[in-house]
Amino acid sequence: MNDIISDIKVLQEETILNLKNADIYQGNHLILKDISIELNRGDFVYLIGSTGSGKSSLLKTLYADIPLNNGEGQIVDYNLRKMRDNEIPFLRRKLGVVFQDFQLLMDRSVYDNLNFVLEATGQLKSNDNADKIQHVLTRVGMATKEHKMPFQLSGGEQQRIAIARALLNDPPLILADEPTGNLDPHTSEEIMHLLEEISASGQTILMATHDYALLLKFPHATWKCSNGSISATVQKTL
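Residues numbered from 1 in each chain as written. Predicted model: local features only at pLDDT ≥ 70, side-chain atom pairs only at ≥ 80, totals over all residues. Heavy atoms only, no water.

Quick notes on the pairing of strand β3 (residues 44–48)
Each regular strand carries side chains that alternate between the two faces of the sheet. Most of β3 is tucked away: 5 of the 5 residues are buried. Both faces of β3 are covered, namely the face carrying Phe44, Tyr46 and Ile48 and the face carrying Val45 and Leu47. Pairing of β3 with strand β8 (residues 204–208), which is carried by 4 bridges, proceeds in the parallel orientation. In the sheet register, Leu47 faces β8, and the bridge partner there is Ala208. Pairing between β3 and strand β9 (residues 221–226): 4 bridges, direction parallel. Residue pairing for β9: Leu47 is matched across the bridge by Trp223. (Buried < 20%, exposed > 50% of the residue type's maximum accessible area, 1.4 Å probe, protein only. Helix = DSSP H or I, 4+ residues; strand = E, 2+ residues; numbered from the N terminus. Pairing = 2+ DSSP bridges.)

A few points about the sheet that holds β3
The 6 strands lie next to each other as β6-β7-β8-β3-β9-β10, forming an open sheet whose pairing is mixed. This sheet does not close on itself; its edge strands, each paired only once, are β6 (95–99) and β10 (229–233). For this sheet, the mean angle separating the axes of adjacent strands, direction not counted, is 20 degrees. Of the pairings in the sheet, the one linking strand β7 (residues 173–177) to β8 comprises 5 bridges and is parallel in character. Bridge pairing in β8 places Asp177 opposite Ala208. The sheet strands contacting helix α2 (residues 55–62) are β3, β6, β7, β8, β9 and β10, and the helix crosses β7 at an angle near 150 degrees. (Axes fitted to C-alpha atoms, helices over the stretch in contact; angles between N-to-C directions. Contact = heavy atoms within 4.5 Å.)

Remarks on the packing of helix α6 (residues 155–167) against helix α7 (residues 185–200)
Closest axis-to-axis distance for the α6/α7 pair is 10 Å, and the angle between their directions is 20 degrees. Accordingly, the angle class assigned to the pair α6 and α7 is roughly parallel. The interaxial crossing formed by α6 with α7 has right-handed handedness. In this structure, α6 uses Gly156, Gln159, Arg160, Ile163 and Leu167 to contact α7, whose residues at the interface are Thr187, Glu190, Ile191, Leu194, Leu195 and Ile198. Its residues assigned to classes, the contact of α6 with α7 shows 6 nonpolar, 3 polar and 2 charged. (Parallel < 35°, antiparallel > 145°, perpendicular 65-115°, else oblique. Left-handed = near helix turned anticlockwise from the far one by under 90°. Nonpolar A, V, L, I, M, F, W, Y, C, P; charged D, E, K, R; others polar.)

Some points on α7
A rise of 1.5 Å per residue sets the reference length of α7, with its 16 residues, at 22 Å; its end C-alpha atoms lie 22 Å apart and thus fit the reference within 8%. Looking only at α7, the buried set comprises Thr187, Ser188, Ile191, Met192, Leu194, Leu195, Ile198 and Ser199. Down the axis of α7, the buried side of the element spans an arc of 160 degrees, and every buried residue falls inside it. Facing away from the buried surface of α7 by more than 90 degrees, the exposed residues are Pro185, His186, Glu197 and Ala200. Between the side-chain oxygen at the start of α7 and the backbone nitrogen of His186 there is a gap of 3.1 Å, and the oxygen is on Asp184. In the stretch just after α7, Gly202 is the one whose phi turns positive, near 115 degrees. (Expected span 1.5 Å × (residues − 1). Arc of directions from axis to C-beta. Polar contact = N/O pair within 3.5 Å; in protein donor to acceptor, adjacent residues only side chain to side chain.)

Shown next, in the form of structure tokens:
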């Protein structure tokens, strides 16, 4: 029994993201300076701040769209400072990214949207792909929607498909950039319940948001980008 408890504790404390003294740039412009942050497996953390405060630049740095040139950065076992271009696709297979505008391919069915991602990441076994797609659709409550076209779905359903897409490779970390930004309050709450379920299963979520009402209804630790730095609220309140 003690061994099982020890294994659970190690799993819970597994570091997924660690930045130390990192500078975050947008082009040549320094956005965030001397940032030190850490995420462990299963954490759910909000990223807040005004427009232009650095939220999106930080997320882009984490999925290697912007290089990290100053400081240290480890994410899902990859070193952001030493990241080579040919390693970026492998990093992104271990990350799930969810966007505000869904970014679905409107001329393809739900199934083909998800299968496209699997094929693009080198997974070409059709039977395995079908099983993976059915698994993630079931997980987000969309098991019967695989043959629908995106334009036949509501905004909330499209975001569920986008979340399913992010889950395809069972990533340890999900980066969600304003995932409720285009949704009404009721649908936003449904998406939040889904994200909390995903986090409870052991996957880490870093969610950028402007919707402070959600922080009150679904309290979690919060990182605030302001004046070129990040301040952390570790307790589950604002």
